[in-house]
Structures are given as structure tokens and as C-alpha cells.
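Examination of the molecular architecture
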Amino acid sequence: MCNLKIINMVDVLNTFVAIILSVVALTPIFLLVTLLNRSKISQGTDPAIIKKLEDMDATIASDTNNALDQVSAKLEDFEARIADLEDQRTTVSGFKSKK
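Presented here is a report on the structure given in the accompanying data block.

Definitions and cut-offs
Every chain's residues receive numbers from 1 upward, in the order its sequence appears when written. Given that this is a predicted model, residues contribute local features only at a pLDDT of at least 70 and side-chain atom pairs are listed and counted only at 80 or more, while totals for whole chains, interfaces and linings are drawn from all residues. Side-chain figures throughout are based on the complete set of non-hydrogen atoms in the structure, without hydrogens or water. Runs of E in the DSSP output that reach at least two residues are strands. Runs of H or I that reach at least four are helices, and both are numbered from the N terminus. The Shrake-Rupley method, run with a 1.4 Å probe, gives the accessible areas here. Residue values count only the displayed protein chains as cover. Between Lys or Arg on one side and Asp or Glu on the other, a salt bridge is scored when a side-chain nitrogen of the former is within 4 Å of a carboxyl oxygen of the latter. Burial classes: relative accessible area under 20% of the type maximum marks a residue as buried, over 50% as exposed, and values in between as partly exposed (1.4 Å probe, protein chains only). Residues enter patches when they are more than 30% accessible in relative terms and free of salt bridges; like-charged ones are connected within 9 Å and nonpolar ones (Val, Leu, Ile, Met, Phe, Trp, Tyr) within 5 Å.

What follows deals with the overall build of the protein chain. For the protein chain, the count of helices and strands is 2 helices and 0 strands. Total accessible area on the protein chain stands at roughly 9800 Å², and carbon and sulfur atoms take up 65% of it.

The following block contains the structure:
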């Protein structure tokens, strides 16, 4: 009876080791096949598409710079107006406090 349990435990242990070894052996092979299949796909891109994307990028960059220049000019104008208002500020007198 005890001998039968040991044999069953050895069989279970052998099964686990076999599963682990098969995973360790098959995973790199599967990944290698996957990488080789993906490397066969053409990676070339049409130069016309690249040129179009570069032009669009340049347009976006120039439009963004123009917008930032306009915002900067408006902020400078706003700061100048605030400075003028601070210079014109006077103390208001003549109010009586209610008690």
C-alpha cells in the first residue's frame, strides 16, 4: 500500500517535470517561429507617404508657433494694461463707516 502511494507520487512528479520541461523547450521555439514570420513582412514605407507626413508635421509646428506668438503678444498687452491700471489706482476717500 505504501509502495503504491510512492509510485503514484513519483508519477505525478514526473508528469509535472515533463510539463515544465516541455514548456521550457517549446516556448523559445514558438517565439522564434513567430519572430521569423514577422520579419518576413515587408517593412518598407512609400517615400511619398513619409514626405506627406513630414509636410504635415512642419505645418502643425508652424501653426502652433504662430498661435503661441499670438498668445504671447496678447499676454504682454494684458500685462501692460494691468500695469497702467495699477499706476492709475487712487485711494477712494469720503466713505463713512457705519457703527
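The subject of this paragraph is the pattern of salt bridges. Counted under the stated rule, the structure contains 2 salt bridges. With its nearest N and O atoms 3.3 Å apart, the salt bridge here joins Asp55 to Lys51. One end of the pair, Asp55, and the other, Lys51, are both in helix α2 (residues 47–88), 4 residues apart, so they sit about a helical turn from each other. Residue Asp55 is classed as partly exposed on the basis of its relative accessible area of 37%. The shortest N-O distance in the salt bridge between Arg81 and Asp77 comes to 3.3 Å. Remark: Asp77 and Arg81 occur in helix α2; sequence separation between them is 4 residues, near one turn of the helix. With a relative accessible area of 54%, Arg81 lands in the exposed category.

Together, Val12, Phe16, Ile19 and Val23 line one region of the surface with nonpolar side chains, adding up to about 370 Å² of accessible area. Its place among the elements puts Val23 in helix α1 (residues 2–39).

These values are about where atoms sit, not about what they do.
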